[in-house]
Amino acid sequence: MNHKKVLNTLKHSSKFLIFFFVITACNKKEPTMPELLNKAAKEQFFVPENIYAASTKTAYFDSICAIAPANKKDSYNINKAESLLYEGKTKEAIEILEPMWQRKMKGVINYNLEPYEERKIGPLLAISYLRLGEQENCLHHHAVSASCIVPISPAGYHHAREGSSKAIKLYEHFLKSNSHDYNSRWLLNIAYMTLGEYPEGVPEEWAIPDSAFQSEYPLKKFKDVAPKLGLNVNELSGGSIIDDFNNDNLLDVLVSSWLPTQHLRYFINNGDGSFTEKTETAGLLESKGGLNMVQADYNNDGYLDVFVLRGAWMPALGKHPNSLLRNNGDNTFTDVSIETGLLSFYPTQTATWADFNNDGWVDLFIGNESEDNYVHPCELYINNTDGTFSNKALSAGLTVSDAQNPYYVKGVTAADFNNDGWTDIYVSNFKRTSKNLLFMNKGTDEKGEISFKNAGDSLGLGEKISSFPTWAFDYNNDGWMDIFVAGYKRGGSYGSITSDIVGEYLGEPHQAETMRLYENRDGVFHDVSKEVGLDRIGYAMGANYGDLDNDGYLDIYLSTGEVSFESIIPNRVFRNALGKNFQDVTTSGGFGHIQKGHAVSFSDIDNDGDQDIYVVLGGAFEGDNFFNSLYKNPYQNENNWVTIILEGTKANRAAIGSKLIVTTIEEGKERTIYHTIGSGGSFGSSTLRAEIGLGKASEIVQLEVIWAGSGTRQVFKEIKPNTFYKIIEGHPQVEEIDLYAIDL
């Protein structure tokens, strides 16, 4: 053999291989956003370790049952039944659980089960029957939207009665053994409601009096019109934005679901009382998943873009990429997450847009979720004004989480809390042992770099609470932005909040976290929750604020619930009474929906001058789907209003953070109403239009606009009530917009 020839051949082959690998590496295609989303769904969601992936867990336990020894089969079957229930296959779950329960009732001891497994059979079967009733009535016959609003009216009574009837027998059995089982007591009362036998039919010792549901103010009833408009999307928990995405002065609807196999839904307002779904032509079929969304015009082109948040509640498995969807101005969207520098893989559902450095371009703060073993720092993306962003959280002092103190951030809001012209940040934390955080904006240095100071302790916000959604609003119209945050902690160790809710209904003490309202008094905050009547359980996921009756005082909608199938508690709504106290109007307004509540959007979707409310319903598990609601506001002829669309020139184009001060004459007295441009709460997005209730104002004396970032101040005198206007920064005259009310 010619060794020299072989060596030369190998030498040339090596050069070829090196050349091949270099060329291959250079030509390697970076993954696209659809590929990244599909990868995350496959590797992080639909895996047995994910408690929310019920279908995957069902398949897992089904395969285990097939090979398990006889003494383990019942144990695996209970887990399989639970997964089937959460997957939505309720009858199949019942088929497994019912024989087990019957054997237990006959006194047959199953020595193959652990005591805790034995105890699970009855409650799982009971909630399965209750869910069966919901599926056969509320879901299959949703034209009657009253079927899940408590106290349930005759229009919502179940015609298929088996599910609730069998659930009643089980809950009464549980209560005979433990009369203090408030979870069963609540579900028993709900079951009787569905059959039209509440309160008379409920055994007296377990009845929850109907007086517990009475409202504190006779608000007019809001009607759910989503089924008639085709806006009753039937999916899981998700986000919503109601805003004008195509600049025709009509408010459109964008909805998400957190399930990675479901995509965004985009509905165009046709202006004639109908909506057309444009999801496919908008290019949104590949924009899958997303528990929340928030809108802004990030590139100042005049069209609202959308940021989609993913991975929440899944710290170890939550590395799902967020998305920035650029609005192309022609009813289409393009995912530009990668090229803008916003691609990240931290679990989150909350973010806020604001011009933090006052350069006329909106920036983005993202609150991420951390646990002891999984630290995911929050992110501050400063707008580079060229279509890209840079993460400046570390240099700005906004790390929030680190290994020593990981924060489980569930809500963020931005506002100018000390009226110094710089936008600050408030962070809501889910961890029970940590404080919520207030970061005061210190402005920019000589190099233009922004920085923040954690100042909550010194400004009255040093309390340790477990909380979820939050927002900043001026609830008492004094010109200072106050802070609302909803508590999110059960009193006991049981896996549902319902026991605490029943305790509150019965006037008994409980240990659940309550709501907080921090009044801003010249930059220092004071907890006024008790004195305004908000020291109650507000176990909210999605939440937002708006004006229910156009009186000029901002009200509260809490979209309540938790992951447990037994947590079917009503949404709660509170009316702001002249900035002095809040009144529960849940029942009178028809808002007490008991399906899982998520994103909330206040917006005048029919252009009649009052704010309607879109609510995303449905839970986290694949089988916990429900129809979204759109509550039409009946107050269009009660009070006056004005709607203002702002367009910044030196300020950011959508005018986010800009302030409006409306001075009116009402009943002979001068009155001032304050409004700040923004999408509202931290879970659900209202329109960026300023929709301002004026109460009984006979005239508007003046409207002052303070433009965010630029600080430009403009005063307009000739503003009429009950009119739509557009104001462009720097223009001396307002533009009156001729819009007509839409008949829904």
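- An unreviewed UniProt entry annotates the chain as ASPIC/UnbV domain-containing protein of Flavivirga eckloniae.

As for helix 8 (residues 182-194)
Right, so step 1: End to end, helix 8 covers 19 Å across 13 residues, agreeing with the expected 18 Å (1.5 Å per residue, within 8%).
Right, so step 2: Two residues or fewer past helix 8, glycine 196 is found with a positive phi of approximately 75°.

Focus on the sheet that holds strand 17 (residues 437-444)
Right, so step 1: The strand order 15-16-17-18 describes an open sheet built from 4 strands, whose pairing is antiparallel. The open sheet has two free edges, formed respectively by strand 15 (409-415) and strand 18 (450-454), since each of these has just one partner strand. Looking at each pair of strands side by side, their axes are set apart by 25° on average, direction ignored.
Right, so step 2: Where strand 15 meets strand 16 (residues 424-429), 6 bridges bridge the pair, whose relative direction is antiparallel. Its bridge partner lying in strand 16, glycine 411 is registered against serine 428.

Re helix 3 (residues 54-67)
Right, so step 1: With 14 residues, helix 3 extends 20 Å between its outermost C-alpha atoms, agreeing within 8% with the 20 Å of an ideal straight helix rising 1.5 Å per residue.
Right, so step 2: Those residues of helix 3 that fall on the buried side of the exposure criterion are Ala54, Thr56, Lys57, Thr58, Phe61, Ile64 and Cys65.
Right, so step 3: Here the buried face of helix 3 lies against helix 4 (70-87).

Quick look at the environment of glycine 618
Right, so step 1: Examined against the element boundaries, glycine 618 turns out to sit in the loop between strand 28 (612-617) and strand 29 (626-627).
Right, so step 2: Sequence separation between glycine 618 and serine 237 is 381 residues, and the spatial gap between their C-alpha atoms is 4.8 Å.
Right, so step 3: Setting aside anything within four residues of it in sequence, one finds glycine 618 in contact with Glu235, Leu236, Ser237, Lys596, His598, Asp624, Asn625 and Phe626.

So, the pairing of strand 11 (residues 348-354)
A regular strand places its side chains on the two faces of the sheet in alternate fashion.
Right, so step 1: Of all the 7 residues making up strand 11, 7 are buried; the element is thus mostly covered by neighbouring parts of the structure.
Right, so step 2: Across 6 bridges, the pairing between strand 11 and strand 12 (residues 363-368) is antiparallel. By the bridge assignment for strand 12, tryptophan 353 is matched with leucine 364.

Re the pairing of strand 19 (residues 467-473)
Right, so step 1: Burial of strand 19 is extensive: 7 of the 7 residues sit out of reach of the surface.
Right, so step 2: Sheet analysis places strand 19 next to strand 20 (residues 482-487), joined by 5 bridges and oriented antiparallel. Paired with tryptophan 471 across the two strands is phenylalanine 484, which belongs to strand 20.

Observations regarding the environment of alanine 393
Right, so step 1: Locating alanine 393 in the fold gives a position in helix 11 (residues 393-396).
Right, so step 2: For alanine 393, a relative accessible area of 4% translates into the label buried.
Right, so step 3: Along the chain, alanine 393 and tyrosine 381 lie 12 residues apart, while their C-alpha atoms are 7.3 Å from each other.
Right, so step 4: Contacts of alanine 393, omitting those with residues within four sequence positions, involve Cys378, Glu379, Leu380, Leu398 and Thr399.

What to know about the sheet that holds strand 14 (residues 389-391)
Right, so step 1: On the basis of which strands lie adjacent, the open sheet formed by 4 strands has the order 11-12-13-14 and antiparallel pairing. Looking along the sheet, the strands with just one partner apiece sit at the ends: strand 11 and strand 14. Geometrically, the sheet is characterised by an average inter-axis angle of 20° between neighbouring strands, direction not taken into account.

Here's the deal with the domain arrangement of the chain
Right, so step 1: Taken as a whole, the chain is organised into domain 1 (33-213), domain 2 (226-371 + 467-632) and domain 3 (640-737).
Right, so step 2: With centres defined by C-alpha atoms, the gap from domain 1 to domain 2 works out at 27 Å.
Right, so step 3: In this assembly, domain 1 packs against domain 2 so that about 4400 Å² is buried in total across both faces, 69% of it on carbon and sulfur atoms.
Right, so step 4: Of all residues in domain 1, Met33, Tyr52 and Tyr182 bury the most surface against domain 2, accounting for 16% of the area lost on that side.
Right, so step 5: Connecting domain 1 to domain 2 are 1 salt bridge.
Right, so step 6: The partner of aspartate 624 in a salt bridge is arginine 131, with the nearest N and O atoms 3.8 Å apart.
Right, so step 7: The element best represented in the side of domain 1 that touches domain 2 is helix 2 (residues 33-45), accounting for 9 residues.

Criteria and thresholds
- Residues numbered from 1 in each chain as written.
- Predicted model: local features only at pLDDT ≥ 70, side-chain atom pairs only at ≥ 80, totals over all residues.
- Heavy atoms only, no water.
- Helix = DSSP H or I, 4+ residues; strand = E, 2+ residues; numbered from the N terminus.
- Expected span 1.5 Å × (residues − 1).
- Pairing = 2+ DSSP bridges.
- Axes fitted to C-alpha atoms, helices over the stretch in contact; angles between N-to-C directions.
- Buried < 20%, exposed > 50% of the residue type's maximum accessible area, 1.4 Å probe, protein only.
- Contact = heavy atoms within 4.5 Å.
- Domains from an automatic or database assignment.
- Buried area = accessible area lost by both parts, 1.4 Å probe.
- Salt bridge = Lys/Arg side-chain N within 4 Å of Asp/Glu carboxyl O.

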